[in-house]
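Overview (structure and organization)
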Amino acid sequence: MSTLKIGTYENRTAFRPGAEIAGKVLWILDESAKAVEVRLFWYTEGKGTQDVELVDSVRFDDPPRREQREFRFTAPEGPYSFSGKLISLLWALELVVLPSEETERLEIVVSPSGHEVFLHKGEEIEITDESAGQPL
Amino acid sequence: MRARDNPFRTERVHQVRYRLLDGTWGEVMRRLRELDYRAAIVGPDGSGKTTLLEDLAPRLAKLGFTTRSLFLNDRKRTLGPTERGEFFARLGANDVILFDGADLMGRLAWARFKRRTRGAAGLIVTSHRSGLLPTLIECRTTPELLDDIVVQILGDGAGLGELPHRLFEKHQGNLRDALRELYDMYSATAPATDAR
(Lines give C-alpha, C1' and ligand atoms only; values in the text may rest on other atoms or scores of the structure.)
Protein backbone atom coordinates (compact mmCIF):
# COMPACT_ATOMS: atom_id res chain seq x y z
CA MET A 1 0.00 0.00 0.00
CA SER A 2 1.33 3.44 -0.90
CA THR A 3 1.98 6.10 1.72
CA LEU A 4 -0.09 9.24 1.18
CA LYS A 5 -0.12 12.33 3.35
CA ILE A 6 -1.94 15.61 3.01
CA GLY A 7 -1.58 18.59 5.33
CA THR A 8 -2.23 22.29 5.44
CA TYR A 9 0.19 24.92 6.67
CA GLU A 10 -0.06 25.43 10.44
CA ASN A 11 -2.45 22.44 10.40
CA ARG A 12 -5.33 24.77 9.68
CA THR A 13 -8.61 23.06 9.01
CA ALA A 14 -10.97 26.06 9.02
CA PHE A 15 -11.11 28.62 6.22
CA ARG A 16 -13.20 31.68 5.52
CA PRO A 17 -14.56 32.10 2.00
CA GLY A 18 -11.86 33.69 -0.14
CA ALA A 19 -9.05 32.49 2.14
CA GLU A 20 -6.11 30.60 0.80
CA ILE A 21 -6.10 26.86 1.42
CA ALA A 22 -2.48 25.83 1.08
CA GLY A 23 -0.31 22.98 2.21
CA LYS A 24 1.79 20.07 1.14
CA VAL A 25 1.18 16.55 -0.05
CA LEU A 26 3.58 13.67 0.17
CA TRP A 27 3.39 10.38 -1.65
CA ILE A 28 5.49 7.23 -1.66
CA LEU A 29 4.00 4.96 -4.29
CA ASP A 30 4.21 1.17 -4.34
CA GLU A 31 4.00 1.22 -8.11
CA SER A 32 4.23 3.87 -10.78
CA ALA A 33 1.12 5.94 -11.36
CA LYS A 34 -0.33 7.91 -14.23
CA ALA A 35 -0.99 10.96 -12.10
CA VAL A 36 -1.51 12.22 -8.59
CA GLU A 37 -4.25 14.74 -7.92
CA VAL A 38 -5.06 17.05 -5.04
CA ARG A 39 -8.75 17.83 -4.96
CA LEU A 40 -10.85 20.38 -3.12
CA PHE A 41 -14.46 19.31 -2.98
CA TRP A 42 -17.62 19.17 -0.89
CA TYR A 43 -19.99 16.32 -0.33
CA THR A 44 -23.14 15.61 1.62
CA GLU A 45 -24.00 12.95 4.14
CA GLY A 46 -27.32 12.12 5.72
CA LYS A 47 -30.68 10.88 4.53
CA GLY A 48 -31.10 10.48 0.81
CA THR A 49 -28.83 10.72 -2.18
CA GLN A 50 -25.29 11.93 -1.71
CA ASP A 51 -24.13 15.00 -3.62
CA VAL A 52 -20.49 15.60 -4.44
CA GLU A 53 -18.93 18.56 -6.22
CA LEU A 54 -15.32 18.96 -7.20
CA VAL A 55 -14.46 22.64 -6.84
CA ASP A 56 -10.78 22.74 -7.72
CA SER A 57 -7.90 20.37 -8.32
CA VAL A 58 -4.24 20.29 -9.17
CA ARG A 59 -2.77 17.39 -11.09
CA PHE A 60 0.78 16.08 -11.19
CA ASP A 61 1.25 13.88 -14.26
CA ASP A 62 3.79 11.05 -14.41
CA PRO A 63 4.73 11.47 -10.79
CA PRO A 64 7.95 10.06 -9.38
CA ARG A 65 7.48 7.23 -6.90
CA ARG A 66 8.39 9.49 -4.00
CA GLU A 67 7.65 13.20 -3.95
CA GLN A 68 6.47 16.12 -1.88
CA ARG A 69 4.56 18.97 -3.56
CA GLU A 70 2.77 22.13 -2.58
CA PHE A 71 -0.85 22.92 -3.36
CA ARG A 72 -2.76 26.16 -3.19
CA PHE A 73 -6.51 26.77 -3.56
CA THR A 74 -8.87 29.60 -2.75
CA ALA A 75 -11.78 28.76 -0.48
CA PRO A 76 -14.93 29.49 -2.48
CA GLU A 77 -17.79 31.74 -1.36
CA GLY A 78 -19.92 28.72 -0.61
CA PRO A 79 -21.58 26.52 0.21
CA TYR A 80 -20.64 26.68 3.88
CA SER A 81 -19.92 23.59 5.93
CA PHE A 82 -23.17 22.86 7.72
CA SER A 83 -25.12 20.19 9.56
CA GLY A 84 -28.77 19.65 10.17
CA LYS A 85 -30.70 16.56 11.07
CA LEU A 86 -31.35 15.58 7.47
CA ILE A 87 -28.14 16.58 5.78
CA SER A 88 -24.55 17.60 6.49
CA LEU A 89 -22.36 19.34 3.94
CA LEU A 90 -18.68 18.66 4.40
CA TRP A 91 -15.60 20.04 2.70
CA ALA A 92 -12.45 18.03 2.19
CA LEU A 93 -9.07 17.94 0.54
CA GLU A 94 -8.10 14.68 -1.04
CA LEU A 95 -4.89 13.27 -2.42
CA VAL A 96 -5.72 10.67 -5.07
CA VAL A 97 -3.42 8.36 -7.01
CA LEU A 98 -4.56 7.53 -10.53
CA PRO A 99 -5.56 5.07 -11.77
CA SER A 100 -5.44 3.05 -8.55
CA GLU A 101 -7.71 5.54 -6.72
CA GLU A 102 -5.74 5.18 -3.50
CA THR A 103 -6.83 8.14 -1.43
CA GLU A 104 -5.96 10.21 1.60
CA ARG A 105 -8.52 12.72 2.86
CA LEU A 106 -8.39 15.73 5.13
CA GLU A 107 -11.68 17.18 6.26
CA ILE A 108 -11.84 20.96 6.48
CA VAL A 109 -14.44 23.58 7.32
CA VAL A 110 -15.40 26.46 5.04
CA SER A 111 -17.55 29.10 6.71
CA PRO A 112 -17.39 32.75 7.76
CA SER A 113 -16.93 31.79 11.42
CA GLY A 114 -14.54 28.93 10.88
CA HIS A 115 -17.07 26.57 12.41
CA GLU A 116 -19.62 24.30 10.90
CA VAL A 117 -23.00 26.02 10.61
CA PHE A 118 -25.75 24.20 12.48
CA LEU A 119 -29.32 24.12 11.29
CA HIS A 120 -31.63 24.04 14.26
CA LYS A 121 -35.35 23.69 14.66
CA GLY A 122 -37.14 24.80 11.54
CA GLU A 123 -33.87 24.47 9.67
CA GLU A 124 -33.05 28.14 10.10
CA ILE A 125 -29.44 29.00 9.56
CA GLU A 126 -27.55 30.01 12.65
CA ILE A 127 -23.85 30.66 12.60
CA THR A 128 -22.47 29.55 15.93
CA ASP A 129 -19.60 30.88 17.92
CA GLU A 130 -18.85 33.86 15.73
CA SER A 131 -15.91 34.97 17.80
CA ALA A 132 -14.37 31.62 18.53
CA GLY A 133 -10.92 33.09 18.32
CA GLN A 134 -9.54 30.72 15.74
CA PRO A 135 -7.09 32.62 13.54
CA LEU A 136 -8.61 32.38 10.10
CA MET B 1 -27.91 14.50 16.12
CA ARG B 2 -26.03 15.84 13.15
CA ALA B 3 -26.76 14.07 9.87
CA ARG B 4 -23.09 13.21 9.52
CA ASP B 5 -23.12 11.43 12.89
CA ASN B 6 -26.28 9.45 12.28
CA PRO B 7 -25.30 5.78 12.07
CA PHE B 8 -28.10 5.17 9.58
CA ARG B 9 -26.99 7.85 7.13
CA THR B 10 -27.14 6.72 3.52
CA GLU B 11 -23.38 6.51 3.12
CA ARG B 12 -23.09 4.14 6.07
CA VAL B 13 -26.04 1.99 4.99
CA HIS B 14 -24.51 1.67 1.52
CA GLN B 15 -21.48 0.05 3.07
CA VAL B 16 -23.67 -2.92 3.95
CA ARG B 17 -23.44 -5.25 1.01
CA TYR B 18 -25.86 -7.86 -0.28
CA ARG B 19 -26.17 -11.03 1.75
CA LEU B 20 -27.22 -14.15 -0.04
CA LEU B 21 -29.91 -15.91 1.96
CA ASP B 22 -29.72 -19.00 -0.21
CA GLY B 23 -26.70 -20.47 -1.95
CA THR B 24 -23.26 -19.03 -2.56
CA TRP B 25 -21.72 -16.42 -4.83
CA GLY B 26 -20.12 -19.26 -6.79
CA GLU B 27 -23.56 -20.70 -7.50
CA VAL B 28 -24.90 -17.30 -8.50
CA MET B 29 -22.06 -16.75 -10.95
CA ARG B 30 -22.46 -20.28 -12.33
CA ARG B 31 -26.18 -19.70 -12.92
CA LEU B 32 -25.42 -16.37 -14.53
CA ARG B 33 -23.04 -18.06 -16.94
CA GLU B 34 -25.68 -20.71 -17.72
CA LEU B 35 -28.07 -17.87 -18.55
CA ASP B 36 -25.47 -16.42 -20.89
CA TYR B 37 -25.24 -13.33 -18.65
CA ARG B 38 -28.77 -12.29 -19.58
CA ALA B 39 -30.83 -12.37 -16.45
CA ALA B 40 -33.07 -10.49 -14.05
CA ILE B 41 -32.83 -9.83 -10.33
CA VAL B 42 -36.40 -9.73 -9.15
CA GLY B 43 -37.91 -8.54 -5.89
CA PRO B 44 -40.02 -5.95 -4.12
CA ASP B 45 -38.84 -2.50 -3.03
CA GLY B 46 -36.16 -2.51 -0.37
CA SER B 47 -35.19 -6.14 -0.88
CA GLY B 48 -31.64 -5.47 -2.08
CA LYS B 49 -31.93 -5.68 -5.87
CA THR B 50 -29.77 -2.64 -6.54
CA THR B 51 -27.19 -3.69 -3.96
CA LEU B 52 -26.95 -7.14 -5.50
CA LEU B 53 -26.59 -5.64 -8.97
CA GLU B 54 -23.77 -3.42 -7.70
CA ASP B 55 -22.11 -6.39 -6.05
CA LEU B 56 -22.10 -8.33 -9.31
CA ALA B 57 -20.00 -5.64 -11.00
CA PRO B 58 -16.61 -6.48 -9.41
CA ARG B 59 -17.26 -10.18 -9.87
CA LEU B 60 -17.95 -9.66 -13.56
CA ALA B 61 -14.87 -7.46 -13.85
CA LYS B 62 -12.79 -10.30 -12.39
CA LEU B 63 -14.07 -12.49 -15.21
CA GLY B 64 -12.76 -9.96 -17.70
CA PHE B 65 -16.00 -8.20 -18.57
CA THR B 66 -16.48 -4.46 -18.69
CA THR B 67 -19.60 -3.39 -16.84
CA ARG B 68 -21.81 -0.54 -18.03
CA SER B 69 -24.46 0.82 -15.70
CA LEU B 70 -27.85 2.32 -16.45
CA PHE B 71 -30.71 3.16 -14.16
CA LEU B 72 -34.30 4.28 -14.12
CA ASN B 73 -36.33 5.22 -11.08
CA ASP B 74 -39.43 7.17 -10.11
CA ARG B 75 -37.72 10.47 -10.86
CA LYS B 76 -36.03 9.32 -14.07
CA ARG B 77 -38.41 7.09 -15.92
CA THR B 78 -36.83 7.15 -19.38
CA LEU B 79 -33.42 7.15 -20.97
CA GLY B 80 -33.05 10.45 -22.74
CA PRO B 81 -31.99 10.49 -26.40
CA THR B 82 -28.53 11.82 -25.52
CA GLU B 83 -27.90 9.24 -22.82
CA ARG B 84 -29.23 6.47 -25.06
CA GLY B 85 -27.18 7.64 -28.03
CA GLU B 86 -23.95 7.87 -26.06
CA PHE B 87 -24.60 4.54 -24.39
CA PHE B 88 -25.11 2.59 -27.60
CA ALA B 89 -22.31 4.39 -29.43
CA ARG B 90 -19.83 3.08 -26.88
CA LEU B 91 -21.35 -0.34 -26.31
CA GLY B 92 -18.82 -3.10 -26.96
CA ALA B 93 -18.86 -6.87 -27.35
CA ASN B 94 -17.16 -7.32 -23.98
CA ASP B 95 -19.66 -5.18 -22.08
CA VAL B 96 -22.14 -6.49 -19.55
CA ILE B 97 -24.95 -4.00 -19.03
CA LEU B 98 -26.22 -3.61 -15.48
CA PHE B 99 -29.63 -2.00 -15.79
CA ASP B 100 -31.33 -1.01 -12.55
CA GLY B 101 -35.07 -0.46 -12.79
CA ALA B 102 -35.57 -1.92 -16.25
CA ASP B 103 -39.23 -2.65 -15.54
CA LEU B 104 -39.94 1.09 -15.66
CA MET B 105 -39.38 1.00 -19.41
CA GLY B 106 -42.42 0.68 -21.62
CA ARG B 107 -42.90 -2.65 -23.39
CA LEU B 108 -41.95 -1.36 -26.80
CA ALA B 109 -38.92 0.52 -25.51
CA TRP B 110 -37.81 -2.58 -23.63
CA ALA B 111 -38.14 -4.76 -26.75
CA ARG B 112 -36.05 -2.26 -28.71
CA PHE B 113 -33.52 -2.02 -25.93
CA LYS B 114 -33.10 -5.79 -25.75
CA ARG B 115 -32.64 -5.97 -29.50
CA ARG B 116 -30.00 -3.24 -29.53
CA THR B 117 -28.03 -4.90 -26.75
CA ARG B 118 -27.76 -8.28 -28.45
CA GLY B 119 -24.16 -7.59 -29.39
CA ALA B 120 -23.13 -7.02 -25.78
CA ALA B 121 -21.68 -9.78 -23.61
CA GLY B 122 -24.53 -9.55 -21.15
CA LEU B 123 -27.57 -7.74 -19.84
CA ILE B 124 -28.52 -8.01 -16.18
CA VAL B 125 -31.50 -6.07 -14.94
CA THR B 126 -33.41 -5.46 -11.75
CA SER B 127 -37.16 -5.58 -11.82
CA HIS B 128 -40.11 -5.71 -9.45
CA ARG B 129 -41.68 -8.43 -11.56
CA SER B 130 -40.42 -11.49 -13.35
CA GLY B 131 -40.62 -11.90 -17.10
CA LEU B 132 -38.22 -9.34 -18.56
CA LEU B 133 -35.39 -11.87 -18.64
CA PRO B 134 -34.85 -15.29 -17.01
CA THR B 135 -34.72 -14.82 -13.25
CA LEU B 136 -31.30 -15.07 -11.66
CA ILE B 137 -32.38 -14.43 -8.08
CA GLU B 138 -35.60 -13.49 -6.35
CA CYS B 139 -34.55 -11.12 -3.59
CA ARG B 140 -36.28 -11.53 -0.27
CA THR B 141 -35.79 -10.24 3.24
CA THR B 142 -36.30 -11.57 6.74
CA PRO B 143 -36.53 -9.92 10.17
CA GLU B 144 -33.25 -11.62 11.07
CA LEU B 145 -31.57 -10.05 8.06
CA LEU B 146 -32.63 -6.58 9.21
CA ASP B 147 -31.41 -7.44 12.69
CA ASP B 148 -28.01 -8.47 11.31
CA ILE B 149 -27.72 -5.27 9.27
CA VAL B 150 -28.56 -3.14 12.30
CA VAL B 151 -25.91 -4.91 14.35
CA GLN B 152 -23.38 -4.46 11.54
CA ILE B 153 -24.13 -0.73 11.42
CA LEU B 154 -24.20 -0.12 15.16
CA GLY B 155 -21.45 -2.57 16.08
CA ASP B 156 -21.42 -5.83 17.99
CA GLY B 157 -23.70 -6.01 20.99
CA ALA B 158 -25.53 -2.88 19.99
CA GLY B 159 -28.75 -4.45 18.81
CA LEU B 160 -32.05 -2.68 19.27
CA GLY B 161 -34.02 -5.51 20.84
CA GLU B 162 -37.36 -6.13 19.18
CA LEU B 163 -37.35 -2.83 17.29
CA PRO B 164 -35.93 -4.17 13.99
CA HIS B 165 -38.57 -6.90 13.96
CA ARG B 166 -41.32 -4.36 14.56
CA LEU B 167 -40.00 -2.11 11.80
CA PHE B 168 -39.71 -5.09 9.47
CA GLU B 169 -43.39 -5.83 9.97
CA LYS B 170 -44.41 -2.18 9.76
CA HIS B 171 -42.62 -1.74 6.43
CA GLN B 172 -43.62 -5.16 5.13
CA GLY B 173 -40.08 -6.33 4.61
CA ASN B 174 -38.85 -3.16 2.91
CA LEU B 175 -35.43 -2.85 4.52
CA ARG B 176 -34.70 0.55 2.94
CA ASP B 177 -37.77 2.08 4.55
CA ALA B 178 -37.05 0.38 7.88
CA LEU B 179 -33.50 1.76 7.89
CA ARG B 180 -34.80 5.22 6.97
CA GLU B 181 -37.12 5.12 9.93
CA LEU B 182 -34.17 4.22 12.13
CA TYR B 183 -32.37 7.26 10.68
CA ASP B 184 -35.30 9.45 11.73
CA MET B 185 -35.39 7.94 15.19
CA TYR B 186 -31.68 8.57 15.69
CA SER B 187 -31.85 12.08 14.26
CA ALA B 188 -34.40 12.94 16.93
CA THR B 189 -32.24 11.73 19.80
CA ALA B 190 -30.33 14.97 20.42
CA PRO B 191 -30.10 18.48 19.03
CA ALA B 192 -27.59 18.94 16.22
CA THR B 193 -25.24 20.97 18.35
CA ASP B 194 -24.89 18.25 21.00
CA ALA B 195 -22.74 16.20 18.68
CA ARG B 196 -20.11 18.89 18.35
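Data block above holds the structure.
The paragraphs below set out a description of the structure included in this document. Predicted, not measured: the structure shown is a model, and the values here were computed from it. (Residues numbered from 1 in each chain as written. Chains lettered and ligands numbered in written order. Predicted model: local features only at pLDDT ≥ 70, side-chain atom pairs only at ≥ 80, totals over all residues. Heavy atoms only, no water.)

Comments concerning the nonpolar core
By size, the foremost hydrophobic cluster in this structure holds 28 residues, and its most contacted members are Ile21(A), Leu93(A) and Ile108(A). Elements represented by at least two residues in this core include exactly strand 1 (3–8), strand 3 (20–28), strand 4 (35–46), strand 6 (66–74), strand 8 (87–98), strand 9 (103–110) and strand 10 (117–119) of chain A. Counting residues per element, this core draws most heavily on strand 8 of chain A, at five residues. Not counting chain neighbours up to four residues away, the residues in contact with Ile21(A) comprise Phe15(A), Leu40(A), Phe71(A), Arg72(A), Phe73(A), Ala75(A), Leu93(A) and Ile108(A). Counting 21 residues, the second largest nonpolar core, distinct from the first, contains Val28(B), Leu35(B), Leu53(B) and Ala57(B). (Core = buried A, V, L, I, M, F, W, Y, C linked by side-chain atoms within 4.5 Å. Buried < 20%, exposed > 50% of the residue type's maximum accessible area, 1.4 Å probe, protein only. Helix = DSSP H or I, 4+ residues; strand = E, 2+ residues; numbered from the N terminus. Contact = heavy atoms within 4.5 Å.)

Some points on the interface of chain B and chain A
Between chain B and chain A, the contact holds 17 residues from the first and 22 residues from the second. Together, the buried faces of chain B and chain A total about 1500 Å²; carbon and sulfur atoms form 49% of this surface. At the surface where chain B touches chain A, the tally comes to five salt bridges. Measuring nitrogen to oxygen at the nearest pair gives 2.8 Å for the salt bridge that ties Asp184(B) to Lys47(A). Where the side of chain B that touches chain A is concerned, the elements lending two or more residues are helix 1 (10–13) and helix 8 (175–187) of chain B. The element that contributes the greatest number of residues to the side of chain B that touches chain A is helix 8 of chain B, accounting for four residues. Of the residues assigned to the side of chain B that touches chain A, the class counts are six nonpolar, three polar and eight charged. (Buried area = accessible area lost by both parts, 1.4 Å probe. Salt bridge = Lys/Arg side-chain N within 4 Å of Asp/Glu carboxyl O. Nonpolar A, V, L, I, M, F, W, Y, C, P; charged D, E, K, R; others polar.)

A look at the sheet that holds strand 1 (residues 38–42) of chain B
Residues and elements named next belong to chain B. The strand order across the open sheet formed by five strands is 2-3-4-1-5, and the pairing between neighbours is parallel. The open sheet terminates on both sides in strands that have one partner only, identified here as strand 2 (66–71) and strand 5 (135–138). Along the sheet, successive strands turn relative to each other by an average axial angle of 15 degrees, direction set aside. Relative to strand 4 (residues 122–127), strand 3 (residues 95–100) runs parallel, the two being bridged by four bridges. Residue pairing in the sheet places isoleucine 97 in a bridge with leucine 123 of strand 4. (Pairing = 2+ DSSP bridges. Axes fitted to C-alpha atoms, helices over the stretch in contact; angles between N-to-C directions.)

Brief notes about the side chain of Thr44(A)
By the element assignment, Thr44(A) lies in strand 4. Engagement of the side chain of Thr44(A) in a polar contact is seen with the backbone nitrogen of Asp51(A), the distance being 2.8 Å. Here Thr44(A) is in contact with Thr49(A), Gln50(A), Asp51(A), Ile87(A), Ser88(A), Leu89(A) and Glu11(B), once residues within four sequence places are set aside. (Polar contact = N/O pair within 3.5 Å; in protein donor to acceptor, adjacent residues only side chain to side chain.)

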